[in-house]
Each structure stands twice: as C-alpha cells, then as structure tokens.
Amino acid sequence: MVLLIAVIVLLIFAIITYNRLVSLRNYVKEAFSTMDVYLKKRWDLVPNLAAIVQAYTKHEKGVFSEIAAMRARSYSDFSDSEKLDANKKIGKCLAGIIAVAENYPELKADEHYSKMMEELYSIEEDIANSRKYYNGCVRMLNNNIEIFPFNIVAGIFGFKSAKMFEISDEERQNIKVEF
C-alpha cells in the first residue's frame, strides 16, 4: 500500500513537472517570437536607412556592401540561432551607418533620414524590452531544467536549456567620444 502511494505521488510529481516544463518552453517560444517581430522590423528598416545614407555618401561603400550581403538571404529562411547572429551583424552595420551619418550634417537634416532614425530608436527600445522578457523566460525554463529534482523529469523527457540573448564582446566595449 505504501509503495502504491509512493508510485502515485511520483507519477503526479512527474506529470506536474512535465506540464510546467512544457509551459515554460512555450513561454520561451512566445518570447522569442515577439522579439523576432522587432528584429524583422529592424532587418527591413536598415537597408532603407542605408540607401538614404548611401545617397549622401556615394564614396563610402564598406557598410553598405555588408548589408547587401546579409540581405541576400531571406530572413524567414534563418533558424532562430541564425536570426540572433544576424541581429549582431545588423547591430554592427547600424553603428557604421550612424558613424558615417555623423560626418554629413545635411544628411542628419534630411526628413526621411530623421523619420527612419526615430523609427529605428523606437524599434531598438522594443527589441531591448523583448530581450529582457525573452531572457527572463529562458532563465525560468533553464532553472526548472537544471534544479533537482526537476532535472530528472527534464532529462527523461529530453528538455534542453535555451540560449540567452546576449550581446557580443564588441557591443560591451565603451563607446569613445572624442571632441
């Protein structure tokens, strides 16, 4: 009788743990999808912004050719991991575009450029907020996968830790402001 009760308790624990892990995994998927929407918006905005900057700076080609190379592949064909990597590259390109634009005061006064920069700042804020939400969901999932005794159920059913959205070492460096 005691053995039967112990088996029932373990079975209930396994079911509850499994359902919690599925729920947390779905939160991670939902959070990534939300962030992905903003990353896609930025992915689409950057070439338009680059085209405006390029029109003013015909002789500066490096950043623009890198954007063209990245855009050769459709965003929807990327895996989640490739989307995160592409996002890092787009971030570098944006920094290059902004640096080039700083040398052209007439560009900064352009209405289309100003509107796109406002939209970009808004998207960047949305991306930052969605990153926080995504990383929070990943943290909860990973904690439940790694903490004993939940890790036993996670291992049995093949749950894997999710990858945090992290910035590159380059992005961690302080920006030098020179006068």
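Everything that follows concerns the structure shown earlier in this document.
Here we summarise the structure given alongside this text.

## Focus on the packing of helix H3 (residues 80-102) against helix H5 (residues 111-146)
Interaxial distance between H3 and H5 falls to 13 Å at its minimum, and their mutual angle equals 145°. Remark: the crossing between H3 and H5 carries left-handed chirality. On H5, the residues that touch Asn87, Leu94, Ile98 and Ala101 of H3 are Tyr113, Met117, Leu120, Glu124 and Arg131.

## Here's the deal with the packing of aromatic side chains
Two measures describe an aromatic ring pair: the distance that separates the ring centres and the angle between the ring planes. Scanning the entire structure with this criterion turns up 5 aromatic pairs. Ring geometry for phenylalanine 13 versus phenylalanine 150: centroids 5.8 Å apart, planes at 25°, classification stacked. Placement of phenylalanine 13 in helix H1 (residues 2-56) and of phenylalanine 150 in helix H6 (residues 150-156) is noted, with a sequence separation of 137 residues between them. Its relative accessible area of 28% is what places phenylalanine 13 among the partly exposed residues. On the numbers, 5.6 Å between centres and 80° between planes, the contact of tryptophan 43 with phenylalanine 78 is edge-to-face. With tryptophan 43 in helix H1 and phenylalanine 78 in the loop between helix H2 (62-70) and H3, this residue pair connects regions lying 35 residues apart in the sequence. Like phenylalanine 78, tryptophan 43 is buried.

## A few points about the nonpolar core
Met35, Trp43, Leu49, Ile97, Leu107, Tyr113 and Tyr134 are the most contacted members of the largest nonpolar core, which totals 43 residues. Secondary-structure elements contributing two or more residues to this core are H1, H2, H3 and H5. Top element by residues in this core is H1. It accounts for 15 residues.

## Notes on empty space enclosed by the protein
Scanning all chains against the criterion turns up 1 cavity of 30 Å³ or more. If you add up the space inside the largest cavity, you get close to 40 Å³. Along the walls of the largest cavity sit Leu39, Arg42, Trp43, Tyr75, Lys83, Ala86, Asn87 and Ile90, which together make up its complete lining. Going through the elements one at a time, H1 and H3 are the ones with two or more residues in the lining of the largest cavity.

## Here's the deal with H3
Here H3 contains 23 residues, and its C-alpha end-to-end distance of 33 Å stays within 8% of the 33 Å for a straight helix at 1.5 Å per residue. Along H3, the residues classified as buried are Lys83, Leu84, Ala86, Asn87, Ile90, Cys93, Leu94, Gly96, Ile97, Val100 and Ala101.

## Thoughts on unusual backbone geometry
It is generally the case that most residues other than glycine have a negative phi and that most peptide bonds are trans. Omega for the peptide link from phenylalanine 148 to proline 149 comes to 5°, which places this bond in the cis form. Summarising the element assignment, proline 149 is placed in the loop between H5 and H6.

## Quick notes on the environment of leucine 84
Along the chain, the position of leucine 84 falls in helix H3. Once the C-alpha coordinates of leucine 84 and glutamate 166 are considered, the two residues, 82 residues apart in sequence, prove to be 8.9 Å apart. Once residues within four sequence positions are removed from consideration, leucine 84 is found in contact with Phe32, Met35 and Phe165.

## Observations regarding a nonpolar patch on the surface
Together, Met1, Leu4, Ile5, Ile8, Val9, Ile12 and Ile16 give the surface a local cluster of nonpolar side chains, amounting to about 730 Å² of exposed area. Examined against the element boundaries, isoleucine 5 turns out to sit in helix H1.

Calculation rules
- Residues numbered from 1 in each chain as written.
- Predicted model: local features only at pLDDT ≥ 70, side-chain atom pairs only at ≥ 80, totals over all residues.
- Heavy atoms only, no water.
- Axes fitted to C-alpha atoms, helices over the stretch in contact; angles between N-to-C directions.
- Helix = DSSP H or I, 4+ residues; strand = E, 2+ residues; numbered from the N terminus.
- Left-handed = near helix turned anticlockwise from the far one by under 90°.
- Contact = heavy atoms within 4.5 Å.
- Phe/Tyr/Trp six-rings, centres within 6.5 Å; stacked < 30°, edge-to-face > 60°.
- Buried < 20%, exposed > 50% of the residue type's maximum accessible area, 1.4 Å probe, protein only.
- Core = buried A, V, L, I, M, F, W, Y, C linked by side-chain atoms within 4.5 Å.
- 1 Å grid on protein atoms, 1.4 Å probe; cavity = no way out; pocket = protein on both sides within 12 Å on 5 of 7 lines; lining within 4 Å.
- Points joined across faces, edges and corners; volume = space filled by probe spheres on them.
- Expected span 1.5 Å × (residues − 1).
- Patch = residues over 30% accessible without salt bridge, like charges linked within 9 Å, V, L, I, M, F, W, Y side chains within 5 Å.
- Areas by Shrake-Rupley, 256 points an atom, 1.4 Å probe, with all protein chains shown as cover.
- Salt bridge = Lys/Arg side-chain N within 4 Å of Asp/Glu carboxyl O.

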